[in-house]
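Here is what each chain is made of, one letter per residue.
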Amino acid sequence: MKILNGPNFWTSSQNYMNNDTIAAACLTHIGKRLNQEDNFLFNGVYLTSELQTQLTYRHCYFSSVAPASKVQLFAVSDGMGGHNAGEVASRICVEKLALAHKELQQYSSIKAAVSYLQQLIADINNTVCEMSRRQPEWKGMGATLVLLVVCGAECAVLNVGDSRAYQFSNHQLDRITKDHTEGQRMLDLGLLTRKELSGFPARKHLNRYIGYGQSGYVLQADEYYPALENGVILLCSDGISDFIPEARILEILDSEHEPVIAGKQLISEAVTATNADNATAILIPFRR
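Residues numbered from 1 in each chain as written. Predicted model: local features only at pLDDT ≥ 70, side-chain atom pairs only at ≥ 80, totals over all residues. Heavy atoms only, no water.

Which residues make up the nonpolar core, and what are the values?
Counting residues in each nonpolar core, the largest one holds 37 residues, and the members touching the most others are Leu97, Leu117, Ile121, Leu147, Val149 and Ile210. Of all elements in the fold, only strand S4 (71–80), helix H2 (85–99), helix H4 (110–134), strand S6 (145–151) and strand S7 (154–160) reach the threshold of two or more residues within this core. Take this core: its biggest share by element is nine residues, from H4. Discounting residues that sit within four places of it in the chain, Ile121 has contacts with Leu145, Leu147, Leu158, Val160, Ile210, Leu219 and Ala221. (Core = buried A, V, L, I, M, F, W, Y, C linked by side-chain atoms within 4.5 Å. Buried < 20%, exposed > 50% of the residue type's maximum accessible area, 1.4 Å probe, protein only. Helix = DSSP H or I, 4+ residues; strand = E, 2+ residues; numbered from the N terminus. Contact = heavy atoms within 4.5 Å.)

Tell me about the pattern of salt bridges, residues and numbers included.
Throughout the structure, instances matching the rule amount to 14 salt bridges. The shortest N-O distance in the salt bridge between Asp238 and Lys204 comes to 2.9 Å. A residue pair is termed long-range when its members are at least 10 positions apart, and Asp238 in helix H7 (residues 238–241) and Lys204 in the loop between helix H6 (194–197) and strand S10 (222–224) qualify at 34 residues. For Asp238, a relative accessible area of 7% translates into the label buried. A salt bridge links Arg208 to Asp222, with the nearest nitrogen and oxygen atoms 3.0 Å apart. Pair noted here: Arg208 is in the loop between H6 and S10 and Asp222 is in strand S10, with a separation of 14 residues, a long-range link. For Asp222, a relative accessible area of 22% puts it in the partly exposed group. (Salt bridge = Lys/Arg side-chain N within 4 Å of Asp/Glu carboxyl O.)

Hey, could you go over the packing of helix H8 (residues 246–255) against helix H9 (residues 259–270) for me, with residue numbers and the actual values?
Packing of H8 against H9 leaves a shortest axis separation of 9 Å and a crossing angle of 150 degrees. Compared by their axis directions, H8 and H9 come out roughly antiparallel. Between H8 and H9 lies a crossing whose hand is right-handed. Of the residues in H9, those touching H8 at Arg248, Ile249, Ile252 and Leu253 are Ala262, Gln265, Leu266 and Glu269. A per-class count over the contact of H8 with H9 returns five nonpolar, one polar and two charged. (Axes fitted to C-alpha atoms, helices over the stretch in contact; angles between N-to-C directions. Parallel < 35°, antiparallel > 145°, perpendicular 65-115°, else oblique. Left-handed = near helix turned anticlockwise from the far one by under 90°. Nonpolar A, V, L, I, M, F, W, Y, C, P; charged D, E, K, R; others polar.)

Okay, here's the thing in structure tokens:
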């Protein structure tokens, strides 16, 4: 993996998932922000501190690799906080998940793998909170986390925050996850309609995230168990979902069957906005 100069260059190392002919894809872009606070875990690969710095100046990063283990893990983490703090929080998330790869291989059921990951997420949250307390420059840092774990023929999605997972299958796009935002809470309570939501100032305020620390609080992710059908599971930061309508995401996935090409299209459209955020997408194809 390497960084290439220029905003339109991508580097790739392709192979195949489950002996299929379509490779999974991972793409990230700094958008129009000064720092790259998004990070990802893609079969053990993530943005190190050095790569994050390079990405800040060279804008684009792309990788496509094949899983080679019994239990596969993919994740997107979107950092938040003051200068340099967001990227630290998101990097802690993916680093600790990467270190857990070997441990995950002992599990033969999806429920056992999820139970282990829930404990790990609680530990990650404690680490981020402790580092935030110890380092003044990292005070208040936090991150979202959405992950897909695949164990044999089963999979689970775990979510904390407002990064998202979608499932595309049979010309349909279904959102798997629910955002942990005040806007979503108001929708759930029936206090706002979707039309009214755009004018709600606190709609993007997170009420659950990595880095949320209260005495005695144990962070847990929401769990989802989508059926693995022919199609694609998309994990993405809000740099994608806030800037591309779901109808357009569906159009792209429906017209571009290669995850690499579809991912490039999603990223390219997301980062054209005037206030484009960091944008990250992982596309994992499944064939039955």
